[in-house]
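# Fold and geometry: a report
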Amino acid sequence: MHAVPKATAAANARRNFVSMRSKGKQREQYSDDPEEEETLLGRDARGGDGDGEAEAMMEGLGEGSKSGKDDKSRTIPFRPPDKLKKSFPPNTVRNQKYNIFTFVPIVLYEQFKFFFNLYFLLVALSQFVPALKIGFIFTYVAPLAFVLCVTMGKEAYDDYKRNLRDREANSQKYLILTRPDHGAAAAARDDDDPESSALGDVDAGPHTRMVPSSALRVGDLVVLEKNQRVPADMVLLRTSDSSGTCFIRTDQLDGETDWKLRVAVPASQKLPSDRDLLSLDAEIYADAPIKDINVFVGTFTINHPPHSNDLSHENVLWSNTVLAAGQAIGFVIYTGSETRAVMNTSHPETKVGLLDIEINRLAKILCAVTFALSLLLVALNGFRGLWYIYVFRFLILFSSIIPISLRVNLDMGKTLYAHQIMNDDEIPGTIVRTSTLPEELGRLEYLLSDKTGTLTQNEMEMKKLHMGTMSYGFDSMDEVAHQLAHGSLATGAQLATRGRRDMTTRLHDVVLSLALCHNVTPVFGDDGAITYQASSPDEVAIVKWTESVGLTLVARDRTSIELQTPSGARIAFDILDVFPFTSESKRMGIVVRDTSSGEISFLQKGADVVMAKIVQRNDWLEEETGNMAREGLRTLVVARKRVSAAQYEAFRAAHHAASIRLEGRNEAMAQAVLEHLEHDLELLGLTGVEDKLQDDVKATLELLRNAGIKIWMLTGDKIETARCIAISTKLVARNQYIHEVAKLKTADQARDELEFLQSKLDCCLVIDGDSLQLCLDLYKNEFIEITTKLSAVVACRCSPTQKADVARLIRHHTKKRVCCIGDGGNDVSMIQAADVGVGIVGKEGKQASLAADFSVTQFSYLTKLLMWHGRNSYRRSAKLAQFVIHRGLIISVMQAVFSAIFYFAPIALYQGWLLMGYATLYTMAPVFSLVLDRDVNEDLALLYPELYKELTKGRALSYKTFFEWVMVSLYQGAAIMIMSLVLFETEFLNIVSISFTALIINELIMVALEITTWHVYMVISEVATLAIYMISMAFLPEYFDLDFVISTRFAWKVAVMVAISALPLWIIKIVRSRLAPAASSKLL
């Protein structure tokens, strides 16, 4: 039995890993000393008295995984014990906000943390105290109950839908490899002694079973099929491809739709069959889970015979990616909350509109006014009797100053705006997912956009081929095909005998080089159709172009490549070396040997900045790359060098010597390539590839800029690509200086860059993710202070969390409204961190659309959404809110005047049905019809985006406009009440009927004065409301003396009172429109 020493070794290895990491040393140090590595990884012969592998594993892992604070790295054996599996988080997805116990408390807290609602609750509760009761309890309780029921119903429904989506995700079935179960005893035996499961036992039964993704645990072996989503982070052990590679789609993780190559662990790929994994005596070490999807440190170790492989992110399949082709087997290392996908997703907050916050502030002012007024009336009465009861009674009498109907009206308004947006034929497919935010669309000052799939369609197309003396545009590509078809693909040996090469031959060379110099693999579908897989969509575009001109890639593996010529003949090449593209080198190279002639060529393509130094002198490259970049094309320089057999052998020897160095290995290998291959290359041509933009992107961005919105582009893509798109979308103005900041390492460098930007605020900043992080870590406030003044910012290589952090920082620092728009799973965090999140339903799935507040089908719909719907929603709600406040304030002023004259008695002027009818039947329809008002028509709103800019200053609802309405209410309330008493009738009932009728007619006139553009419903609501009021008088004899109401005395007194209260305001409105007209009225 080897269990005890092996367990001790595992525990020792684990402790050594931890101690080495804690000293700040990198994992790679094991490769420095082979003897040390062998001892650490399983050859430790020291004995031990452990209690079997399970206990030792728990001991070796326990401190880190259970404390969770210091170290969550893990060493997991194949077939780990259940005790170890259960020490890691379950693999469940949970996006729900509430559970059955927390729903009511949390929703009530969310509602009553608003002062507004808390005030109404206290007023409603006070009516259950007999001494404070005024009028019907129903009038105070019903509106609040209605608002709460609607809100709770909406929240419950939203959470139920989230729960359904979670359950669907958690119940996805996956195939796992498992040992056959010989009953409980056998299982117990196996757990105690993993070695007992020899190959013979493994053969005894089935080796796979289906389990839901929520049941997957660390240490499980999962079998993935083509197009299946990866359920947890796992190390790739085997693939159906003999080379041990597979492609995955990572669009939901990093937003890039190009396929990524992943490599299986060599030791497990070499095993004869999948079932051998079940008897493998091995373990995997994995670093603590982190957010970075481009970093992974791990080791795959076989204990007998001792052998280990270092693991990087290329050996790992992250959860939420999709297996693009073939079959694969993975070993689960992180589950649930420890997966990269979950760690890069932030939890959504409940979003509250700025308008709601502003109205909440005004409610506090109104409450203070109510309290002061109540106290004043009691003080004027000399604090007699039970004065504190009187204060409360006055507070309740004046409670209409803060009308609960305001919440009802605003919520109904929001619902109407949402309905208008979703039923707009010009922006089909638009969905409002958060109906509380339509007004926010009218106040945005920053737009943070993703690039891939949002501004671009992520469809690449080769548009141009330039060869110095000759250029082929998109329209003349058929000429290239013609030249290839009628010429012969001559090899270099034949060409060497000629003099200056003709254009046809040069064209052959450049097309052949483009068909060979790439990392593209052709995949044949079930129907025989070829699809191309590559980690770069540019390469696929170029290979598709070579196919379109007659040179087709038909086969490719790690050692050979085969092409088909226009005549149908096949030409084959051996791949001797591949130097992949990296963001540092900005180029990719390949060494190929023609199988028929034995000629060796070194082909290279890359960015002009690096290739200019490598190719032979020429006079056109710099100028032409500049021209193509201005067109927004992504440029690649193609070059070639013929290499003799002796030269190649010299390079091989130098390259091999560099590859086995222990220190500075990568630099030495790059140097060998540079010395032997990368100089004096023959410049063949320059390609221009276009990333197709979404429809009307240029016009949309220009319109948004004219509306005063600052635009940031946050992308996971390369700097070069992002720069091209910034130019082609006109995010950067023509001839505007673009300042690139990349690879900042020190605080001094960051400070210098910020100082430069401070002096040049008219430039566009292009910054990479690492530099952005450094600036945020060291100079957060200064960085945001300067960059928010720039007209455009492009941030590249951004992680999902960085995007969200930028959105939060801009919100926090500027206190302005920020909108984020994206289309992939990697944009979800950013969308949730914004004041307004817009998701595009695109090729990257619906994840962003489902998490967003508004979902659209294309970027250009933003113009209509913001300039028309957003602007109208904000203007209408601001007008509606202030009018409803005015409606409550005017009746409270009348109550105060009435009480002051009648010996400061806390007696209601209007009771019962009158009070209920005032805020509902008699004024509700006309007041609510204000949500149909508009100051300009749709065409003008889209033609003059400057109108939108005005609204962002928040002048439609401000302290100034609020106090104007307060003054209007004070004047009108006092005028109506005092005039009622001046024209005093002997009956108190007559005062009530005169003043109330004047009040209702005054409000109807005020609504008419507020309307800019009349709508048919507005006219109907005004006329119908007046008719309803007049008819209702006959049915309310306790409030109206019918004989008096139908007399001429009643009519002229009411007319005089209404004239005194409303006429001055009409005159003021006319004078103001002449002296200081609104911007919109100048356009009409």
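On a predicted model such as this, the values are computed, not experimentally measured, just so you know.

Across its full length, the protein holds 41 helices and 33 strands. Classification of the 1084 residues of the protein by burial places 54% in the buried group. Once local pairs closer than 6 in sequence are excluded, the contacts in the protein between residues at least 24 apart make up 74%.

So, about the side chain of Thr565. As for its placement among the helices and strands, Thr565 is situated in the loop between β21 (560-564) and β22 (570-579). For Thr565, a relative accessible area of 9% corresponds to the buried category. One polar contact links Thr565 to Ser567, side chain to side chain, over a distance of 3.0 Å.

Moving on: a nonpolar patch on the surface. Judged by side-chain polarity, Phe371, Leu375, Phe383, Leu386, Trp387, Tyr388 and Tyr390 come together as a nonpolar surface patch covering roughly 650 Å² of accessible area. In terms of residues, the nonpolar patch owes the most to one element, helix α14 (residues 387-397), which gives 3 residues. Structurally, Tyr390 can be placed in helix α14.

A sheet is described by the order of its strands in space; here 3 strands give the open sequence β7-β6-β12, paired in antiparallel fashion. In this open sheet, the two strands that pair with only one neighbour each are β7 (259-263) and β12 (322-323). Both strand β6 (residues 245-249) and β12 contribute to a ladder of 2 bridges, which runs antiparallel. Counterpart to Arg249 in the pairing with β12 is Val322.

Following the UniProt record, the feature "active site" (unreviewed entry) maps to Asp450 here. Inspection of the secondary structure assignment puts Asp450 in the loop between β15 (444-449) and β16 (456-466). Among the polar contacts made by the side chain of Asp450, one reaches the side chain of Thr454 at a distance of 3.4 Å.

Here the focus is the nonpolar core. Of all hydrophobic cores here, the largest spans 58 residues; its most connected members are Phe116, Ile359, Ile402 and Leu406. Take this core: its biggest share by element is 9 residues, from helix α31 (residues 861-901). Inspection of this core shows a minimum of three residues originating in each of domain 1 (102-173) and domain 2 (400-427 + 864-1082). In contact with Ile402, not counting residues within four places along its chain, are Phe116, Tyr119, Phe120, Ala363, Leu366 and Cys367. Listed in part, the 44 residues of the second largest apolar core include Leu437, Leu447, Ile719 and Ile738.

The subject of this paragraph is the pairing of β16. The two faces of the sheet receive side chains in turn, since in a regular strand these alternate between them. Pairing geometry for β16 and strand β26 (residues 682-693), over 7 bridges, is antiparallel. From the neighbouring strand, Lys464 faces β26, where its bridge partner is Gly688. Where β16 folds back on strand β17 (residues 471-472), the antiparallel hairpin that results is connected by 4 residues, among which Gly468 adopts a positive phi of roughly 90 degrees.

In this section: the pattern of salt bridges. Inspection of every chain in the model, using the stated rule, returns 41 salt bridges. Notably, a salt bridge pairs Arg162 with Asp159, separated by 3.1 Å at the nearest N-O pair. In this pair, Arg162 and Asp159 are both assigned in helix α7 (residues 137-170), 3 residues apart and thus about one turn of the helix distant. Each member of the pair, Arg162 as well as Asp159, carries the same accessibility label: buried. One salt bridge connects Arg634 with Asp538, and the closest N-O pair in it is separated by 2.6 Å. Here Asp538 lies in helix α19 (residues 537-548) and Arg634 lies in strand β25 (residues 634-643), a separation of 96 residues in the sequence. Per residue, the accessibility class of Arg634 equals that of Asp538, and both read buried. Shared partners join several salt bridges into a network, and the residues in it are Glu459, Glu461, Lys463, Glu690 and Lys692.

Within strand β5 (residues 233-239), 7 of the 7 residues are buried, leaving the element largely enclosed by the surrounding structure. Of the strand pairs in this sheet, β5 and strand β13 (residues 328-334) are connected by 6 bridges, and their pairing is antiparallel. Along β13, the bridge assignment pairs Val235 with Phe331. As defined by bridge partners, β5 adjoins strand β11 (residues 316-317) across 2 bridges and the pair is classed as antiparallel. Within β11, the position partnered with Met234 by the bridge is Leu317.

Bringing the packing of helix α6 (residues 115-126) against helix α13 (residues 354-380) into the picture now. Relative to each other, α6 and α13 sit at 40 degrees, their axes nearing to 8 Å. What the angle tells us is that α6 and α13 run oblique. From α6, Phe115, Phe116 and Tyr119 reach across to α13, where they touch Ile359, Asn360, Ala363, Lys364, Cys367 and Thr370. In terms of residue class, the contact of α6 with α13 is made up of 6 nonpolar, 2 polar and 1 charged.

So, about the environment of Leu951. With respect to the element layout, Leu951 can be found in helix α35 (residues 946-951). Residues Leu951 and Tyr874, 77 residues apart in the sequence, show an inter-C-alpha distance of 8.3 Å. Ignoring any residue separated from it by four or fewer positions in sequence, one finds Leu951 in contact with Gly442, Arg871, Tyr874 and Arg875.

With an omega of -10 degrees, the peptide bond running from His304 to Pro305 counts as cis. One can find Pro305 in the loop between β9 (298-302) and β10 (307-311). Its identity as a non-glycine residue notwithstanding, Arg79 has a phi of 60 degrees, on the positive side. Relative to the helices and strands, Arg79 is located in the loop between β1 (74-77) and α4 (82-85). At Asn227, a residue that is not glycine, the phi angle is positive and equals roughly 65 degrees. On the secondary structure map, Asn227 appears in the loop between β4 (221-224) and β5.

Another point: the packing of aromatic side chains. With the rule as written, the count across this model stands at 23 aromatic pairs. Following the ring pairs from residue to residue traces out a cluster consisting of Tyr910, Tyr918, Tyr922, Phe996, Tyr1029 and Phe1040. Directly above the aromatic system of Phe474 lies the positively charged group of Lys463, at a separation of 3.9 Å from the ring centroid.

Rules of the game
Residues numbered from 1 in each chain as written. Predicted model: local features only at pLDDT ≥ 70, side-chain atom pairs only at ≥ 80, totals over all residues. Heavy atoms only, no water. Helix = DSSP H or I, 4+ residues; strand = E, 2+ residues; numbered from the N terminus. Buried < 20%, exposed > 50% of the residue type's maximum accessible area, 1.4 Å probe, protein only. Contact = heavy atoms within 4.5 Å. Polar contact = N/O pair within 3.5 Å; in protein donor to acceptor, adjacent residues only side chain to side chain. Patch = residues over 30% accessible without salt bridge, like charges linked within 9 Å, V, L, I, M, F, W, Y side chains within 5 Å. Areas by Shrake-Rupley, 256 points an atom, 1.4 Å probe, with all protein chains shown as cover. Salt bridge = Lys/Arg side-chain N within 4 Å of Asp/Glu carboxyl O. Pairing = 2+ DSSP bridges. UniProt positions renumbered as here; feature names shortened; annotations may be inferred. Core = buried A, V, L, I, M, F, W, Y, C linked by side-chain atoms within 4.5 Å. Domains from an automatic or database assignment. Axes fitted to C-alpha atoms, helices over the stretch in contact; angles between N-to-C directions. Parallel < 35°, antiparallel > 145°, perpendicular 65-115°, else oblique. Nonpolar A, V, L, I, M, F, W, Y, C, P; charged D, E, K, R; others polar. Phe/Tyr/Trp six-rings, centres within 6.5 Å; stacked < 30°, edge-to-face > 60°. Lys NZ or Arg CZ within 6 Å of the ring centre and 35° of its normal.

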